[in-house]
Amino acid sequence: MYPTLKDLTDKGLLDSSVQMQGKRLKRYYKATAQGREMFMAWLSAPIDIKAAGEAQLAQIFFYGELPKTIRDQRLQEYEILVQQRLMQFENIANILPTEGMSDSDYYGISTLYYGLQNSHNVLRWIRFIKEQKPFSEFIKPYNQ
């Protein structure tokens, strides 16, 4: 993490300062105007469906910083992309044999099952956050 913070500071995207905290020096970082502008450009951009799930979640994590119109538009676009990916998985699943598979076939096809389940879960989650349901609704299924 520290090499990344140094790199961002060297590029003028972050400012850093050092302060004494007790007997230790602590370094603090703050976005510069240029850094904030670059961050908002990244945040406002459409979600990259090909990026790792963590990158997609990192972007959505900060959606509270976006105007509602942009946030809603990006979530709608993301939902459409995930629906398209799900349809691709379903089309593949419909042409695959269901019997007489070898072990290597089974485990290869199990990754398709993962993609199908993951896409369904992501769609359910997107719809949930688009409706801005209360946090208790997030937790309820896990407390039963």
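About the criteria used
Along each chain, residues carry numbers from 1 onward, in the same order as the chain's sequence is written. Only residues with pLDDT of at least 70 get local features here, since the model is predicted, and only at 80 or more are side-chain atom pairs given and counted; chain-wide, interface and lining totals rely on the full set of residues. Hydrogens and water molecules were not included; the side-chain quantities draw on all heavy atoms of the structure. Only buried residues count toward a nonpolar core, which is a set of Ala, Val, Leu, Ile, Met, Phe, Trp, Tyr and Cys residues joined through side-chain atoms within 4.5 Å. Relative accessible area decides the class of each residue, using a 1.4 Å probe on protein chains only: under 20% of the type maximum gives buried, over 50% gives exposed, and in between gives partly exposed. Secondary structure is summarised from DSSP: a helix means a run of H or I of at least four residues, a strand means a run of E of at least two, and numbering begins at the N terminus for each. Residue contacts are counted whenever heavy atoms from the two residues lie within 4.5 Å of one another. Here pLDDT means the predictor's own confidence in every residue, given as a number from 0 to 100. Classification of ring pairs uses Phe, Tyr and Trp, with its six-membered ring standing for Trp, and accepts pairs whose centres are within 6.5 Å; under 30 degrees between planes counts as stacked, over 60 as edge-to-face, and the remaining range as tilted.

### Observations concerning the nonpolar core
And step 1. In terms of nonpolar packing, the biggest core is built from 15 residues, with I47, I60, Y63, Y78, V82, V122 and I126 touching the most fellow members.
And step 2. For this core, the secondary-structure elements that each account for two or more residues are helix 4 (68-95) and helix 5 (103-130).
And step 3. Among the elements that line this core, the one with the most residues is helix 5, at 6 residues.
And step 4. Ignoring sequence-local partners within four residues, the contact set of V122 consists of Y78 and V82.

### Brief notes about the confidence of the model for the protein
And step 1. Per-residue pLDDT for the protein has a mean of 91; in total, 97% of the residues score no lower than 70.
And step 2. Per-residue pLDDT, averaged within each element of the protein, yields its smallest value for helix 6 (residues 135-139) (75) and its largest for helix 2 (residues 33-44) (96).

### Some words on the packing of aromatic side chains
And step 1. Under the criterion given, the structure shown has 4 aromatic pairs.
And step 2. Taking the centre distance of 5.2 Å and the plane angle of 90 degrees together, the rings of F39 and F62 count as edge-to-face. Placement of the pair is F39 in helix 2 and F62 in the loop between helix 3 (53-61) and helix 4, with a sequence separation of 23 residues.
And step 3. Ring centres 5.1 Å apart and planes at 85 degrees place the aromatic pair Y106 and Y107 in the edge-to-face group.
And step 4. Since its relative accessible area comes to 47%, Y106 is described here as partly exposed.

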